Structure formats: C-alpha cells, structure tokens
Amino acid sequence: MKKLSFERSESLYAKAVKLMPGGVNSPVRAFKQVDANPIFIERAEGAYMWDADGNKFIDYIGSWGPAILGHAHPEVVEAVTASLKNGFSFGAPSALEIRIAELVQKILPSMEMIRLVSSGTEACMAALRLARGFTGRDKILKFTGCYHGHADMLLVKAGSGVATLGIPGSPGVPAAVVKDTLTLAFNDIQGLKDLFAKEGSEIAAVIVEPIVGNSNFIRPKDGYLELMRELCTQSGAILIFDEVMTGFRVGLTGVQGLKNIKPDLSTLGKVIGGGMPIGAYGGRADIMAKVAPSGPVYQAGTLSGNPVAVTCGIKTLELLSTKYDFTDLAKRTRRLSLGLKERAEKHGIPLSVDYEGGMFGFMFSVKLPESFEEAAQCNITQFKQFFRGMLSYGVYLAPSAYEAGFISFAHSDKDVEDTLNIADYVFANLSQF
Ligand SMILES: *Cc1c(COP(=O)(O)O)cnc(C)c1O
C-alpha cells in the first residue's frame, strides 16, 4: 500500500481559495469537517477518480449520488455525444422531454405529471410553492437533519452541509421567511401526532427524506412514513417525498417503491440526470395541473428540459431499468458495510452501519442513529482520522460524518475487497492519521 501525496492539489487549492469562497463551488466539497484541504479531480471513469497528482481513488461519493452506473458509462457517453451535435439548448419543447417523463412515470407511477427543473433545490422549492398554492395554506413541516436544497424557507435544521459548518440555519435568511417552517425530529412519532392534532388543518405540506441521507443514514421507524401518509390524507396536507437522493438509488423505485407508499408529490434530482443538472417534481395530476401555464402557480426555467442533460438522464434510466439488477448492487453494498463494521470491531472500534440498495452509512457509534440528534453524537475525531487515512490510501469517502455513501454498478467485488483491506490497515493505525 502506497501513501499518496497531494502537492498539485495543494497548489491548486491555494489558487482556488483566492478565487472562490473556500476554494469550492459547494461547501461539502471543502473537507473542512475533516480538517483537510480538498483534492482536485481531473477525470472519473467507472468506480474510480483520478486527481491532479495522478492519484487513483475508489470513489464512494459518485458525485454525491448521480453516478449510479459508475462515471462516464460508455453508452451514456455515446448518447450524450450524439445529442451535443444537435445543439445544446432549444428553449422549446422536444420529444426527449416526453421520453424522460414516460420513463419516470413508468418507474414511479405516483408521478402522474412531472415538471423538469435543473437541480434538486429547485425541485423542492417549486414543490412547496405548489403545495401552498394548491392548499391555500402557508405552514410547511420538515424534519431536523433533512436537507431539501438551499431555498431560504428550507434552511432550518438542514443536516450535513449546514451542520458540518456549524451554522444553525444561515445568516441571510429573514425570520419572516421561515416563520411558517415547522420542524420536528425525524422518527418522533408522538411529536408528529401531537403536531397534527394541533395544527394539521393549517399545514400545506410535509416534506421528508423518506430515508435520511443528509444526516448520515437514518431509516424511518416501522409505521412512521405510513403514519405521515395517514395524517396528511386526513388533514389535507400534501405529502412530499424528497427522493432527490433515494430515487433510483435505494432501489429502482425509491423509498416509495420499497415501502409501497404513494406520496402526493415527489422531488427528484441526482440520478435522474446521470451526472448532468436535472431535477424534477411531480405527482398527483390534480395538483400538478395548478402549475403554470396550465394553472396559476408560477415556476419556470431557461434550461429546464435541456436536451443534452435530458439525454444523459434518459440513457441512465433506460440502462438502470433494463440492464441492471439492484439486488446485485445491494449485495455489494452489504458486503462493504458489514465488512467495514467487522474490520473496525476487530480493532476495538465501535462502528454502526446501515445500507439500502446502493446507499450506505457508517457511524462511529455503538448504535444506529434514529435522528439527527443521535447522529450528531458519533465520534467525530475517529471519523476524521478514518477519512484522512482512507483518502491517503486511495479511497474517496464523503468528507463529512453526516453524509451517506454511494456505491455504483461499476464497483466490483475486488474494489470492495481492496477498500476493506485498506480500512483494516487504517482502523489498526487510526490515531496516526
Ligand atoms: C442533494 C439533495 C437536494 C438538493 O439537490 P441539488 O441538486 O444539490 O440542488 C435536495 N434534497 C435531497 C434529499 C438531496 O440529497
């Protein structure tokens, strides 16, 4: 095992911090929580990424979720390359948009109608505006540690990126904008019942990450999402599953498929674009009919439905739904997760792990977290050491103890074995890193 060095990345970082806040274009990339500097990537293919120093990494971030087929899948590259020659953006409808809408609807039947946007943030923002417009109510309910993008009204107790930086909400968000944003701890069943008993008739929408991936990995308790569904139906609140992370990831059909629960609206991002900027929201046709121009709730986008991005999304979803088997992926995720736990415990380090489909979480704690509050109690020092150790031997994990990890169909059994061997060494020498 060779320890990597990062001279070129360090010098690029020195330049980048002068040009961009923190040297990055999105905060979680900055390695701040792990007391390190980011590495600069040059190329990604399959399960791997190569940095500016020529180091090769086994990648478990996958661009924070989109790269479920692995980076630069040849068939996707071919489709996107062909599409580029037809122009980059039309600002007018194309048959491609129909194709992706049909594909999404086939996979997620709850999405009776759909609107494409360019990011998960936009999708969540628009879904909430729509829910408020449809119900004529103002209040929304979110859960501590769930992240739904960086829209003002949602930057309350918002998990990983925000928590990593220790910012409780964010300066710049007026109190008036979040006064109608109610929050509860995830998995607090009694709290949910009490809140609905008191304010249910005033709640426009409940938005939730049905498996939380922005506070490490938190599974809903049995019956919790079902209860949410029931309370929303009774009170006329719109239930929004934010499946930006979990959609086409924990299984082809997201958490709604796993749990067989039909949300009123869903938001998508990440995998739906296969690495290109696409987000989407959709759901019940009677609600979606309120979106402009068929209805009065305004929402628009110059690059929405962009043909190159949509082609990338179509090819990704076609391959996922026809050529790949999520049970295979789940087996590899399981081997990785249980392997990490076993290696850690061999060296006397408590590690709790959970996983579903191609998504996993590991936490330096004895017990799995049921809420963000519990996830925040993990051993951060050990996480930092583990992260830095793994990175220096070529394994690229999320640089935050509050992020889920992702594995792709391109990861082989050997990649997982290699990862576990490195982890064994790093756990054995943890205090050295
Ligand atoms: C990533 C993410 C978002 C935001 O998506 P962007 O494309 O980064 O704007 C929203 N919700 C969840 C659950 C996410 O994981």
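Quick notes on the rules
- Residues numbered from 1 in each chain as written.
- Predicted model: local features only at pLDDT ≥ 70, side-chain atom pairs only at ≥ 80, totals over all residues.
- Heavy atoms only, no water.
- Phe/Tyr/Trp six-rings, centres within 6.5 Å; stacked < 30°, edge-to-face > 60°.
- Helix = DSSP H or I, 4+ residues; strand = E, 2+ residues; numbered from the N terminus.
- Buried < 20%, exposed > 50% of the residue type's maximum accessible area, 1.4 Å probe, protein only.
- Lys NZ or Arg CZ within 6 Å of the ring centre and 35° of its normal.
- 1 Å grid on protein atoms, 1.4 Å probe; cavity = no way out; pocket = protein on both sides within 12 Å on 5 of 7 lines; lining within 4 Å.
- Points joined across faces, edges and corners; volume = space filled by probe spheres on them.
- Nonpolar A, V, L, I, M, F, W, Y, C, P; charged D, E, K, R; others polar.
- Axes fitted to C-alpha atoms, helices over the stretch in contact; angles between N-to-C directions.
- Parallel < 35°, antiparallel > 145°, perpendicular 65-115°, else oblique.
- Contact = heavy atoms within 4.5 Å.
- Pairing = 2+ DSSP bridges.
- Left-handed = near helix turned anticlockwise from the far one by under 90°.
- Salt bridge = Lys/Arg side-chain N within 4 Å of Asp/Glu carboxyl O.

Caption draft 1: Quick peek at the packing of aromatic side chains. With the rule as written, the count across this model stands at 21 aromatic pairs. With centroids separated by 6.3 Å and ring planes inclined at 45°, the aromatic side chains of Phe31 and Tyr396 adopt a geometry described as tilted. Separated by 365 residues along the polypeptide, Phe31 in the loop between α1 (7-19) and β1 (41-45) and Tyr396 in strand β13 (residues 395-396) bring together distant segments of the chain. Like Tyr396, Phe31 is buried. An aromatic cluster is present here, built from Phe6, Phe31, Phe57, Phe362, Phe364, Phe383, Phe386, Phe387, Tyr396 and Phe427 joined pairwise through their rings. Note that Arg43 overlies the ring of Trp50, its terminal NZ or CZ placed 4.0 Å from the centroid. Taking NZ or CZ as reference, Lys56 lies 4.0 Å from the ring centre of Tyr48, over its face.

Caption draft 2: Spatial organisation of empty space enclosed by the protein. Taken as a whole and judged by the stated rule, the model has 5 cavities of 30 Å³ or more. The space that makes up the largest cavity amounts to roughly 80 Å³. The wall of the largest cavity is formed by 13 residues, among which Phe362, Phe383, Ala398, Ser400 and Glu403 lie closest to the centre. Top element by residues in the lining of the largest cavity is strand β12 (residues 359-363). It accounts for 3 residues. Tallied by class, residues from the lining of the largest cavity come to 8 nonpolar, 4 polar and 1 charged.

Caption draft 3: How the structure looks around the packing of helix α7 (residues 189-199) against helix α8 (residues 224-235). Running from amino to carboxyl end, α7 crosses α8 at an angle of 0°, the nearest separation of the two axes being 11 Å. Classed by the angle they form, the pair α7 and α8 counts as roughly parallel. Contacts from Ile189, Leu192, Lys193 and Phe196 of α7 reach α8 at Tyr224, Leu227, Met228, Leu231, Cys232 and Ser235. Counted by class, the contact of α7 with α8 contains 8 nonpolar, 1 polar and 1 charged residues.

Caption draft 4: Broad picture of the sheet that holds β12. The strand order across the open sheet built from 3 strands is β11-β12-β14, with neighbouring strands paired in antiparallel fashion. Because the sheet does not close on itself, it has two edges, and the strands there are β11 (352-356) and β14 (405-406). As defined by bridge partners, β11 adjoins β12 across 5 bridges and the pair is classed as antiparallel. Opposite Glu356, over in β12, you have Met359 as the bridge partner. Against the sheet, helix α12 (residues 326-346) touches β11 and β12, its axis set at about 180° to β11.

Caption draft 5: Seen up close, the packing of helix α3 (residues 95-107) against helix α11 (residues 307-322). In the contact formed by α3 and α11, the axes pass within 9 Å of each other and the chain directions differ by 35°. Crossing geometry of α3 relative to α11 is assigned as left-handed. For the pair formed by α3 and α11, the contact residues are Leu96, Glu97, Arg99, Ile100, Leu103, Val104 and Ile107 on the first element and Pro307, Val310, Thr311, Gly313, Ile314, Leu317, Glu318 and Ser321 on the second. Tallied by class, the residues present in the contact of α3 with α11 amount to 9 nonpolar, 3 polar and 3 charged.

Caption draft 6: Main features of the layout of surface pockets. What the largest pocket holds in volume is close to 1400 Å³. Taken together, 50 residues line the largest pocket, and the ones lying closest to its centre are Ser26, Val28, Arg29, Trp64 and Lys270. Mapped by element, the contributors of at least two residues to the lining of the largest pocket are α4 (120-135) and α5 (160-164). Looking at the lining of the largest pocket residue by residue, the classes come out as 26 nonpolar, 19 polar and 5 charged. The space that makes up the second largest pocket amounts to roughly 660 Å³.

Caption draft 7: Structural view of the pattern of salt bridges. Within the structure shown, the criterion is met by 23 salt bridges. The closest approach of N and O atoms between Arg219 and Glu356, which form a salt bridge, is 2.9 Å. Of the two residues, Arg219 is situated in the loop between β7 (203-208) and α8 and Glu356 in strand β11; the sequence distance between them amounts to 137 residues. Assessed through its relative accessible area of 30%, Arg219 is described here as partly exposed. Its salt-bridge partner being Glu345, residue Lys341 comes within 2.9 Å of it at the nearest N-O pair. In this pair, Lys341 and Glu345 both sit in helix α12, 4 residues apart, roughly one turn of the helix.

Caption draft 8: The arrangement of unusual backbone geometry in detail. Cis geometry is found at the peptide bond from Ala292 to Pro293, where omega equals 5°. Take Pro293: it is sitting in the loop between α10 (285-288) and α11. For Ala72, which is not a glycine, the phi torsion comes out positive at approximately 50°. Mapped onto the elements, Ala72 comes out in the loop between β3 (56-59) and α2 (74-84). Owing to a relative accessible area of 44%, Ala72 belongs among the partly exposed residues under this scheme. Positive phi outside glycine occurs at Lys270, with the angle close to 45°. Here Lys270 is to be found in the loop between β9 (265-268) and β10 (279-283). Of the residues examined, Lys270 reaches a relative accessible area of 25% and is grouped as partly exposed.

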